[in-house]
Amino acid sequence: MNKRLSPLSALVILAATFLAAGPLARSGEKAAEGSGEEEKDKPKEKEFKYSAWCAFRDLSTLLPPPTKIDPQTEESRPGSGKWAGFCRHGQWASLVLELKNTTEKSEFRGTASINLNPVHGNESEDPYVSYYRQEFEIGPQTTKQYHFSVLCPEGGISQFITIDISTGGRSYQRSVQLHELDVAREDFIVVVSESYGAFRHLATMPNSRGDVDDDSKQRRRRVAVVDPQELPTRWHDLTIANLLVIDGPPREKFSQAQWDAITAYVQAGGQVLITAGKDSSRMKGPLEELAGIRVKQITEVEGLDGSDEVPSLKLKPDVRLPIIEVDATNCQSVDRNKKTQLVERCQRYYGPGSVTFLPYSLSEPVLEHWEGRQTLPKRLIEQSRGRGLFSHATTEDDLQPNSLQSFNLRNRDEDAARAREMSQLRHDMDETFSKKTSVDPKKKSEVLSFLLFYLLFAVPGNYFIFGWFKRREIAWLAVPVWSASFSVLALTIGYMGQTGQLSVTEVSVIEAGSGQNAGMARTFLTLYAPVRDDYKMQFPSASGMPEIQAAPGHLLNLEQQRRGLSRPELYIVDTGTALNVEKLRVQQRSTRQLEVVHRTPLGGGIDARVQRETNGALTISVQNNTGLKLYAPVLVYQGGAYELGTEEGNALPSGEKNNIVTSDPIKKTIDAAFFGRNIVLQSARGGAARERAEILSRYVRAQVERYSLGTAAVLCAWVDEPDGCLPVLVAGSREEPRKPRMTAQTMLLAKVPIRAAGTFSAQAEQLLPVWNAEMYDLEKGVAGKLSKPEPTMLLPETNRSATRPVRPPRANAPEPVMAHFIVDLPQGYREMADVGRKLVIKLTMQAVLTKSVEDQTVPGDLAVEVRKIKENGQAEWSAVEIDPLSRLPHQKLVPLAPVTLSLREYRAIQDSKVHVRIVFTPNPAAPASTITITSIKCNVGP
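Residues numbered from 1 in each chain as written. Predicted model: local features only at pLDDT ≥ 70, side-chain atom pairs only at ≥ 80, totals over all residues. Heavy atoms only, no water.

## Comments concerning the overall build of the protein chain
Inclusion rule: The helix and strand labels rest on DSSP assignments: H or I over at least four residues marks a helix, E over at least two residues marks a strand, and numbering proceeds from the N terminus. Each residue is assigned to one of three classes by its accessible area relative to the maximum for its type, calculated with a 1.4 Å probe on protein chains only: buried under 20%, partly exposed between the two thresholds, exposed over 50%. Contacts are residue-level and defined by heavy atoms, with any inter-residue pair within 4.5 Å sufficient. Only the protein chains shown count as covering a residue, and every accessible area follows the Shrake-Rupley method with a 1.4 Å probe.
Counting its regular elements, the protein chain contains 13 helices and 49 strands. Residues counted as buried form 51% of the 942 residues belonging to the protein chain. Sequence separation of at least 24 residues holds for 76% of the intrachain contacts in the protein chain that already meet a minimum separation of 6. Per element, the accessible surface of the protein chain, about 45500 Å² overall, is 51% carbon and sulfur.

Right under this line is the structure:
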């Protein structure tokens, strides 16, 4: 029951409440004031933050991002200052600059620049300073990335590249650490993956003694990771990598510009490995087109059959490997599972480059201890070496070994030879550009003759002419007439020579694969200027053609070096879509030279196919779909050349097709057919053009001979392109860029694989000669000591046999029974190896017991061994994986499972022969018997 309060009680309660409210209010005010002071003391975030790193980050030193970030840090990406990157001499490095604006209203505009001053030059090239500049604009609460393509000088760089940032009247700096891969001749793998640390196992590092803990003692491997959004959009930034791995692929999709750059990288000879993840939807689109596949559903398998590229894999009964089913319709090499016919590996070729696709991810935990995680990437790295004419342009000083490096002497000497040839090419090109410009001044003899001719008219001519008319007193009136007339004549002759016209001369080499719509080109470009100025250059793409992505570098300037002028400088402005020359100082009536790598469109490309027949002849088919007329087209192969033209003078117009079946009598020397021949082109004529063609031919000839002796031929031709293969606009410092007067010479090279007859027929069976050698024991030595018998073809119906009685077994030492034979590989076996063909050996065995026993079989172990030649030239026997056979029945022929050998693995054997031996080791308790190995049959199968 509630009681009503008395007035006195209510008054007391009200007073108490009022007195208590004062302290509480004051304490609340103090708390509020304290909160404001804490907010005021809290450190304020920097308004402008900036970071820089190499797009390819060293995976061995990459650390996780810091968990606690200091708000006062000036780094937009905390921890990025410790990331290390990579570079190669004479190739492009991709740097990332990230800028962050933390303000709510301010905007930052400014310039980011790189000043690259080489540490040292070499004897053949004068060092020069390169400046790279890019404008930026960062809005409030915005983070942006800017990418720099920087050419690393041939002579090397310092350990860091510094990026200078200028905005709002203030300057900032960030340094990017780069590791030079050429110093220790290291291979380089770039990985795009969501799995942190994926493919770290491929890296090899020296131990305390300086050796590499790896089976490959000649080269080290470095692995770098790149975020998908930071993968370069310019193909020349990717050429630093021996192998590009796309693992997954990641959830963050590549842009179309990035896919175009990857495609161009492959066309330039790059190797790409794509591994699938568990989400088949990520494989759709440009990736399917690049790899030549069509993605279907995902499934699971118990293991992999493997191939010569990938070893087999057997999983535990309760373990499965996720795999994506694909149709490899546009691939030239496909490995399938024998039981399920699922694609386990496929490869699509792009001239010297290729794209390899695996329908599973090498990052799967079940593959952690599988040998194939290393086997396939290492094979692709081997294919990446020597992929083009200019892939070995390193300096000789960089090839000297030190105490921490292990070099292969033969490879080092070959690299040094190529470096010398490249340096000589640059030197000779600069000499001819400097001395013989496209607007040659008149010779001294011609000027002297002109002056003598004038004096002849002005003095004795004037005297005799007016003496003839008997008016010598007015002869002086004709002197001004003669002077004016010869002045006009001299001006006319000088103008006709166009000595005062801005002009560009180009000498280009285009490298492409069969059927490619674009080629990778290197252009030696010289600019002749009539007046002294700072000239601008732009490299536009024609309408409807792919981006050429021209990258100017290698500034040559022998003329300034001889005249003792200042060190040359090259200013490049990066617009985000193109690299343009911002300032190129040219003296009056002088030249300046650039070396530019770029893409060039080839229309439908050149469809070239070559097949070697069984009699040694070549069947050549070539169709010109480039839209350009080819002059003196030839196919260079094994020291000879075959002319491919359909018109008189050996020319092949656009759209024309030519089919040739060759024989040795019509093969010419490569000098007579192409490199030593004088080709007259409308776009470049005269002695200077002839000299430049000879200089280029000398270099290209040496390189072509290196890779036209084995598995490929090279199609060589001249192209008459008046505008050159590199479009260029030029202007002075106060003018708008315009098209200059152009003189151009262009050589086209296309690498064409040699196919063997029946190579692509899965049912074709090519029987191979087999030399059956005398059986012998282990103590008798290697096969090299055996005498060579006459070649015989051992077929099943011949019933030829190699038999040896089994001696009574010794205690714990059964004597093996051996049959040794040699397979003589046919011509073109190297080409078969390139497309995945294999050597298949079929054997039949039996045992004949000398006395009746209860068990009518002979127990034992069967092994098949192949003689391999190691890198040091020594031979060793290595076992081949076969189906097990533990018993041989009495008087019953047992066909063994076919023994399959990889031609790719054994193709380096001398004299194109494969030595094989069959070893059957009886069980110590086996009865006395005779072991017979019969019906040896070898063929090349799919």
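## Some remarks on the environment of Ile138
When you line up the elements, Ile138 lands in strand 6 (residues 129-138). According to the relative accessible area criterion, Ile138 is buried, its value standing at 0%.

## Notes on the pairing of strand 1 (residues 48-54)
In plain terms, the rule: Note on pairing: DSSP must find at least two bridges between two strands before they are called paired.
Most of strand 1 is tucked away, with 7 of its 7 residues classed as buried. Of the two faces of strand 1, the one lined by Phe48, Tyr50, Ala52 and Cys54 and the one lined by Lys49, Ser51 and Trp53 are each fully buried. As paired elements, strand 1 and strand 4 (residues 92-101) share 7 bridges and run antiparallel to each other. Along strand 4, the bridge assignment pairs Trp53 with Val96.

## Re the pattern of salt bridges
To keep it simple, the criterion reads: Salt bridge criterion: a side-chain nitrogen from Lys or Arg within 4 Å of a carboxyl oxygen from Asp or Glu.
Enumeration according to the criterion identifies 29 salt bridges in this entry. Ionic pairing is found between Arg251 and Glu194, a salt bridge with its closest N-O pair at 3.0 Å. In this pair, Arg251 sits in the loop between strand 12 (243-248) and helix 3 (256-267) while Glu194 sits in the loop between strand 10 (187-192) and strand 11 (221-225), placing the two residues 57 residues apart along the sequence. With relative accessibility at 41%, the residue Glu194 sits in the partly exposed group. Overlapping salt bridges bring together Arg57, Arg77, Glu98, Asp227 and Glu230 as one network.

## Points about the sheet that holds strand 7 (residues 142-151)
Rule in force here: To obtain an axis, a line is fitted to C-alpha atoms, over the contacting stretch when the element is a helix, and the angle between two such axes runs from 0 to 180 degrees between their N-to-C directions.
Strand order across the open sheet formed by 3 strands is 1-4-7, with antiparallel pairing between neighbours. On the outer flanks of this sheet lie strand 1 and strand 7, each paired with one strand and no other. Taking the axes of each pair of neighbouring strands and ignoring which way they run, one obtains an average angle of 20° across the sheet. Of the pairings in the sheet, the one linking strand 4 to strand 7 comprises 10 bridges and is antiparallel in character. Note that in strand 7 the partner of Ser94 across the bridge is Ser149.

## Considering the side chain of Glu180
Let me state the cut-off plainly: Residues scored as positive are Lys and Arg, those scored as negative are Asp and Glu, and His as well as the terminal groups of each chain are ignored. Nitrogen and oxygen atoms within 3.5 Å of one another constitute a polar contact, given that in protein one can donate a hydrogen and the other can accept it, and given that sequence-neighbouring residues count only through two side-chain atoms.
Topologically, Glu180 is positioned in strand 9 (residues 170-180). One buried charged residue, Glu180, forms no salt bridge at all, with the nearest opposite charge on Arg88 at 11 Å. Here the side chain of Glu180 touches His89 through a polar contact of 3.2 Å, side chain to side chain. Apart from residues lying up to four places away in sequence, Glu180 is in contact with Cys87, His89, Gly156, Ile157 and Glu186.

## Description of the packing of aromatic side chains
This is how it is decided: The criterion for an aromatic pair is that two Phe, Tyr or Trp rings (for Trp, the six-membered ring) have centres within 6.5 Å, with stacked assigned to planes under 30 degrees apart, edge-to-face to planes over 60 apart and tilted to the rest.
Applying the stated criterion across every chain yields a total of 13 aromatic pairs. On the basis of an interplanar angle of 45° and a centroid distance of 5.0 Å, the ring pair of Phe48 and Phe108 is categorised as tilted. Residue Phe48 is located in strand 1, and its partner Phe108 is located in strand 5 (residues 108-116); the two are separated by 60 residues in the primary sequence. Taken together, Phe48, Tyr50, Phe108 and Tyr172 form an aromatic cluster joined through their ring pairs.

## Some thoughts on helix 7 (residues 444-468)
Formally: A helix is expected to reach a length of 1.5 Å times the quantity of its residues less one. Bend, at a single residue, is the angle you get between axes fitted to the 7 residues ending at that residue and the 7 residues starting at it.
Between its terminal C-alpha atoms helix 7 stretches 34 Å, which fits the 36 Å expected from 25 residues at 1.5 Å a residue. Helix geometry: helix 7 is bent most strongly at Gly461, by close to 50°. Along helix 7, the residues that are buried comprise Ala458, Gly461, Asn462, Phe466 and Gly467.

## Re unusual backbone geometry
The linkage connecting Gly248 with the following residue, Pro249, adopts the cis geometry, with an omega of -15°. With respect to the element layout, Pro249 can be found in the loop between strand 12 and helix 3. Within the chain, Ala632 stands out as a residue other than glycine whose phi angle is a positive 55°. Relative to the elements of secondary structure, Ala632 occurs in strand 30 (residues 630-637). A positive phi angle, near 60°, is found at Asn650, a position not held by glycine. Given the relative accessible area of 7%, Asn650 is considered buried.

## Considerations on the pairing of strand 35 (residues 712-719)
In terms of residue burial, strand 35 counts as a mostly covered element, since 8 of its 8 residues are buried. Here strand 35 shows two buried faces, one formed by Ala712, Val714, Cys716 and Trp718 and the other by Ala713, Leu715, Ala717 and Val719. Here strand 30 pairs with strand 35 via 5 bridges, running antiparallel. Counted as the bridge partner of Leu630 is Val719 from strand 35.

## Looking at the confidence of the model for the protein chain
Short version of the rule: You can read pLDDT as the predictor saying how much it trusts each residue, on a scale of 0 to 100.
When pLDDT is averaged along the protein chain, the result is 78, and 75% of the positions lie at 70 or above. Taken as a whole, residues 207-217 scores under 50 in pLDDT and shows 17 contacts with residues more than four places along the chain or in a different chain.

## Brief notes about the nonpolar core
What counts here: What we call a nonpolar core is a set of buried Ala, Val, Leu, Ile, Met, Phe, Trp, Tyr and Cys residues that are connected through their side-chain atoms within 4.5 Å.
One finds Phe56, Leu95, Ile262, Ile274, Tyr360 and Met537 to be the most contacted residues of the largest nonpolar core, which totals 126 residues. With 6 residues, the top contributor of residues to this core is strand 4. Those residues in contact with Ile274, other than ones at most four positions away along the chain, are Ile246, Met283, Leu287, Leu290, Ala291, Val355, Thr356, Phe357 and Leu358. Residues Val817, Val880, Ile918 and Cys938 belong to the second largest nonpolar core, which totals 31 residues.

## As for a nonpolar patch on the surface
So the rule is basically this: A patch is a set of surface residues, each over 30% in relative accessible area and not in a salt bridge, joined within 9 Å for like charges and within 5 Å for the nonpolar side chains Val, Leu, Ile, Met, Phe, Trp and Tyr.
On the surface, Leu448, Leu452 and Leu455 cluster together to form a nonpolar patch covering roughly 290 Å² of accessible area. Inspection of the secondary structure puts Leu455 in helix 7. Among the residues examined, Leu455 registers a relative accessible area of 45% and is labelled partly exposed.

## Some points on the environment of Ala257
With respect to the secondary-structure elements, Ala257 resides in helix 3. Among the residues examined, Ala257 registers a relative accessible area of 36% and is labelled partly exposed.

## Quick word on the sheet that holds strand 20 (residues 353-358)
Ordered in space as 2-11-10-12-13-20-19-18, the 8 strands form an open sheet in which the pairing is mixed. Each end of this open sheet is capped by a strand with a single partner; those strands are strand 2 (57-58) and strand 18 (333-336). Along the sheet face, helix 5 (residues 372-384) touches strand 10, strand 11, strand 12, strand 13 (271-276), strand 19 (343-350) and strand 20 and points at about 160° away from the line of strand 13.

## Focus: the state of the cysteines
Rule in force here: Count a disulfide wherever a pair of cysteine sulfur atoms falls within 2.5 Å.
With the rule as written, the count across this model stands at 0 disulfides. Take Cys87: it sits in no disulfide, and the sulfur closest to it among the cysteines is that of Cys152, at 4.0 Å.

## Here we look at helix 5
Compared with an ideal rise of 1.5 Å per residue, which puts 13 residues at 18 Å, helix 5 spans 19 Å between its outermost C-alpha atoms and is within 8% of the ideal. Residues of helix 5 that are buried: Gly372, Arg373, Thr375, Leu376, Pro377, Lys378, Leu380, Ile381 and Ser384. The inward-facing, buried residues of helix 5 abut strand 10, strand 11, strand 12, strand 13, strand 19 and strand 20.

## What about the environment of Ser485?
Note on placement: Ser485 falls in helix 8 (residues 478-496). Sequence spacing of Ser485 and Tyr454 is 31 residues, and the spatial spacing of their C-alpha atoms is 9.8 Å.

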